[in-house]
Amino acid sequence: GAVVSQHPSWVICKSGTSVKIECRSLDFQATTMFWYRQFPKQSLMLMATSNEGSKATYEQGVEKDKFLINHASLTLSTLTVTSAHPEDSSFYICSARSTGGSPLHFGNGTRLTVT
Amino acid sequence: GENVEQHPSTLSVQEGDSAVIKCTYSDSASNYFPWYKQELGKRPQLIIDIRSNVGEKKDQRIAVTLNKTAKHFSLHITETQPEDSAVYFCAASMGGTSYGKLTFGQGTILTVHP
């Protein structure tokens, strides 16, 4: 079945540094990717929607200059957390779909810890 | 925007009993309603979904019902097993270009006691 590969699965970084998370669709063309954040014992909250070749659309309250999203190809989207702070520590997870009403596929998630 | 409310937040049942989780949504334009099971530290796994043109869908021990008029949908798990223990999330999405943009409920921690 369709697979979405997300890397890294976990990362620890120091406050003030930047971290890049990759989300790749391995056997389908992901025209749209979604990025979610999940704090411990909470639900998944949509951060942004990215369409290949276009600027990402961010949800209200999500800083676009802090969470940089790039979707330059049909198989790769990246989320860069810039100038990370401890409050950015969370589980970040992507999902992807191709066109129409095709199934959604989630990546395995990235556990980010900012010290 | 869409708002999804999920209840209960925790549910404890004995093995073999049934479990029911309920969700309501606010936007009548939503037409896709998936249910996910999430184990600690892992990605959500789709267990069943329903679209707005259907009132009920069943897959072995799992069923989902949808009431479009009342804007609520429910997950039913029969003959529960300890391995059903996990966090369950309902979600809602619109169609068209917004398809896949999920608004999740708050989650239900299901515990099935042997």
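Residues numbered from 1 in each chain as written. Chains lettered and ligands numbered in written order. Predicted model: local features only at pLDDT ≥ 70, side-chain atom pairs only at ≥ 80, totals over all residues. Heavy atoms only, no water.

Some thoughts on the side chain of Thr80 of chain A
Phase 1: One can find Thr80 of chain A in strand β8 (residues 76–81).
Phase 2: If we ignore the near neighbours within four places in the chain, the residues touching Thr80 of chain A are Ser18, Val19, Lys20, Lys66, Phe67 and Leu68 of chain A. (Helix = DSSP H or I, 4+ residues; strand = E, 2+ residues; numbered from the N terminus. Contact = heavy atoms within 4.5 Å.)

A look at the confidence of the model for chain A
Phase 1: Overall, the prediction assigns chain A a mean pLDDT of 93, with 97% of residues at 70 or greater.
Phase 2: At the low end of the mean pLDDT range in chain A sits strand β7 (residues 67–73) of chain A, at 92; at the high end sits strand β11 (residues 110–114) of chain A, at 98. (pLDDT = per-residue confidence, 0-100.)

A word on the sheet that holds strand β1 (residues 4–7) of chain B
Where strands meet in a sheet, backbone hydrogen bonds hold them as pairs that are either parallel or antiparallel.
Residues and elements named next belong to chain B.
Phase 1: The strand order β1-β3-β8-β7-β6 describes an open sheet built from five strands, whose pairing is antiparallel. Only two strands of the sheet have a single neighbouring strand rather than two, namely β1 and β6 (56–59). Neighbour-to-neighbour, the strand axes of the sheet open up by a mean angle of 15°, direction not taken into account.
Phase 2: Note: β1 against strand β3 (residues 19–25), four bridges, orientation antiparallel. In the strand pairing of β3, Gln6 is matched with Cys23. (Pairing = 2+ DSSP bridges. Axes fitted to C-alpha atoms, helices over the stretch in contact; angles between N-to-C directions.)

Concerning the pairing of strand β2 (residues 10–14) of chain B
Residue and element names in this part refer to chain B.
Phase 1: Covered by surrounding structure in β2 are Leu11 and Val13 only, the residues Thr10, Ser12 and Gln14 on the alternate face being uncovered.
Phase 2: As paired elements, β2 and strand β11 (residues 108–113) share five bridges and run parallel to each other. Across the sheet, the residue bridging to Thr10 is Ile109, located in β11. (Buried < 20%, exposed > 50% of the residue type's maximum accessible area, 1.4 Å probe, protein only.)

Structural notes on the packing of aromatic side chains
Phase 1: Applying the stated criterion across every chain yields a total of 11 aromatic pairs over all chains.
Phase 2: Their ring planes at 40° and their centres at 6.4 Å tell us that Phe67 of chain A and Tyr92 of chain A sit as a pair that is tilted. Of this pair, Phe67 of chain A sits in strand β7 while Tyr92 of chain A is found in strand β9 (residues 90–97), placing the two residues 25 residues apart along the sequence.
Phase 3: The exposure class of Phe67 of chain A is buried, given its relative accessible area of 4%.
Phase 4: For Tyr92 of chain A, a relative accessible area of 0% gives the class buried.
Phase 5: An aromatic cluster is built from Tyr36 and Phe106 of chain A together with Tyr36, Phe89 and Phe104 of chain B, whose rings are joined through pairwise contacts.
Phase 6: Sitting above the plane of the Phe67 of chain A ring, Lys66 of chain A keeps its charged end 5.9 Å from the centroid. (Phe/Tyr/Trp six-rings, centres within 6.5 Å; stacked < 30°, edge-to-face > 60°. Lys NZ or Arg CZ within 6 Å of the ring centre and 35° of its normal.)

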